[in-house]
Amino acid sequence: MSSHADDSRQESFRELLRALRVWDTELPRFDPGSAPADPLPLFQQWLREAAEAGTPEPHTMSLATADADGRPAVRTVMLHDADARGWHFATHRTSHKGRDLAVRPQAALGFYWAAAGRQVRVRGTVTAASAAESRADLAKRSTGALAAALVGHQSETLASLSDLAQASDAAWERAHREPDAPVGTWTLYVLEADEVEFFQGDAQRRHVRLLYRRTEDDSWARELLWP
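Residues numbered from 1 in each chain as written. Predicted model: local features only at pLDDT ≥ 70, side-chain atom pairs only at ≥ 80, totals over all residues. Heavy atoms only, no water.

**Some words on the overall build of the protein chain**
Alright, step 1. What the protein chain contains, in helices and strands, is six helices and nine strands.
Alright, step 2. Considering only C-alpha atoms, the protein chain reaches an extent of 65 × 55 × 40 Å along its principal axes.
Alright, step 3. The buried share among the 227 residues of the protein chain stands at 34%.
Alright, step 4. Accessible surface computed for the protein chain: about 14000 Å², of which carbon and sulfur atoms make up 52%.
Alright, step 5. Side chains of the protein chain give 27 positive and 33 negative charges; the mean places of these two sets differ by 2 Å. (Helix = DSSP H or I, 4+ residues; strand = E, 2+ residues; numbered from the N terminus. Buried < 20%, exposed > 50% of the residue type's maximum accessible area, 1.4 Å probe, protein only. Areas by Shrake-Rupley, 256 points an atom, 1.4 Å probe, with all protein chains shown as cover. Lys, Arg positive; Asp, Glu negative; His and termini not counted. Charge placed at Lys NZ, Arg CZ, Asp CG, Glu CD.)

As structure tokens, this is what we get:
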């Protein structure tokens, strides 16, 4: 009986997956011949267009790291900036991702904007910004972000939700009272890209993929990839 119920539930799940559709709206065109020599302006343009199209949280991204044993991990974080230095994000250096980056300072980022059928993949070397720049990064964020940072203990085992509520209440009170409260473990990271790929989906599956690869003279080579 249990086995039959499990099989039925699994088949129902598979039917759901087969029924799901993507790109039911008209997708934008992408002419790689008009792309700039540097990937940064194109990335900024695509993110801006995603925001203007009403994409929820277009500045969120998947961040992939690996630990000392090479075991990968991925999670969703927020992009804080993208400039000539690279792609910026922040976390506690004592978190899982912070510890990963301490032993393997390479990472990959993934952006997906479903309404436009667009993805951007970024891969490169990550460096930690200075303590002063990390403090300035946190100071520019919301009261809620400061409160969350003040709670700390990210990725540590939590005994109960009541412990979280108590720590959060205290952190919010301090964040309102002390908007420049320091958080010693908060660290701004900058990923300097070696590769940036732009993917434009196509309803006929003729997806356009443009890869930027950094060269030895610190310029960018561009090439198309098969879908």
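The rest of the description comes next.
**Section: the pairing of strand 6 (residues 118-128)**
Alright, step 1. With eight bridges joining them, strand 5 (residues 106-113) and strand 6 adopt antiparallel strand pairing. Residue pairing in the sheet places Phe-111 in a bridge with Val-120 of strand 6.
Alright, step 2. Hairpin connection of strand 5 to strand 6: four residues between the antiparallel strands, including Gly-117 at a positive phi of 65°.
Alright, step 3. Both strand 6 and strand 7 (residues 186-200) contribute to a ladder of 11 bridges, which runs antiparallel. Across the sheet, Arg-123 pairs through a bridge with Glu-195, a residue of strand 7. (Pairing = 2+ DSSP bridges.)

**Examining the nonpolar core**
Alright, step 1. In terms of nonpolar packing, the biggest core is built from 31 residues, with Phe-43, Trp-87, Phe-111, Val-120 and Val-196 touching the most fellow members.
Alright, step 2. Taken together, the elements giving at least two residues each to this core come down to helix 2 (39-52), strand 1 (60-66), strand 4 (86-92), strand 5, strand 6, strand 7 and strand 8 (208-214).
Alright, step 3. Top element by residues in this core is helix 2. It accounts for six residues.
Alright, step 4. Here Val-120 is in contact with Phe-43, Trp-46, Leu-109, Gly-110, Phe-111, Trp-113, Val-196, Glu-197 and Phe-198, once residues within four sequence places are set aside.
Alright, step 5. Residues Leu-146, Val-151, Ala-175 and Ala-181 belong to the second largest nonpolar core, which totals 14 residues. (Core = buried A, V, L, I, M, F, W, Y, C linked by side-chain atoms within 4.5 Å. Contact = heavy atoms within 4.5 Å.)

**Quick notes on the side chain of Asp-100**
Alright, step 1. Of note, Asp-100 is situated in helix 3 (residues 96-103).
Alright, step 2. Arg-75 provides the closest opposite charge to the buried, unpaired Asp-100, separated from it by 4.0 Å.
Alright, step 3. Setting aside residues no more than four positions away along its own chain, Asp-100 makes contact with Thr-65, Ala-66, Asp-67, Ala-73 and Arg-75. (Salt bridge = Lys/Arg side-chain N within 4 Å of Asp/Glu carboxyl O.)

**Overview of a nonpolar patch on the surface**
Alright, step 1. On the surface, Phe-13, Leu-16, Leu-17 and Leu-20 cluster together into a nonpolar patch covering about 400 Å² of accessible area.
Alright, step 2. By secondary structure assignment, the location of Leu-20 is in the loop between helix 1 (2-19) and helix 2.
Alright, step 3. Note on Leu-20: relative accessible area 53%, which makes it exposed. (Patch = residues over 30% accessible without salt bridge, like charges linked within 9 Å, V, L, I, M, F, W, Y side chains within 5 Å.)

**As for unusual backbone geometry**
Alright, step 1. Unusually for a residue other than glycine, Glu-57 sits at a positive phi of about 45°.
Alright, step 2. A positive phi angle is found at His-153, which is not glycine, with a value near 60°.
Alright, step 3. On the secondary structure map, His-153 appears in the loop between helix 5 (143-151) and helix 6 (161-177).
Alright, step 4. In this structure His-153 comes out as exposed when scored by relative accessible area, which is 55%.

**Some words on the side chain of His-207**
Alright, step 1. With respect to the element layout, His-207 can be found in the loop between strand 7 and strand 8.
Alright, step 2. In this structure the side chain of His-207 is engaged in a polar contact, spanning 3.0 Å, whose partner is the backbone nitrogen of Asp-202.
Alright, step 3. What His-207 contacts, discounting residues up to four positions off in sequence, is Trp-23, Phe-199, Gln-200, Gly-201, Asp-202 and Pro-227. (Polar contact = N/O pair within 3.5 Å; in protein donor to acceptor, adjacent residues only side chain to side chain.)

**Here's the deal with helix 4 (residues 131-139)**
Alright, step 1. Residues of helix 4 that are buried: Ser-134, Asp-137 and Leu-138. The buried residues of helix 4 occupy one face: seen down the axis, they fall within an arc of 95°. In helix 4, those exposed residues whose orientation departs by more than 90 degrees from the buried face are Arg-135 and Ala-139. (Arc of directions from axis to C-beta.)

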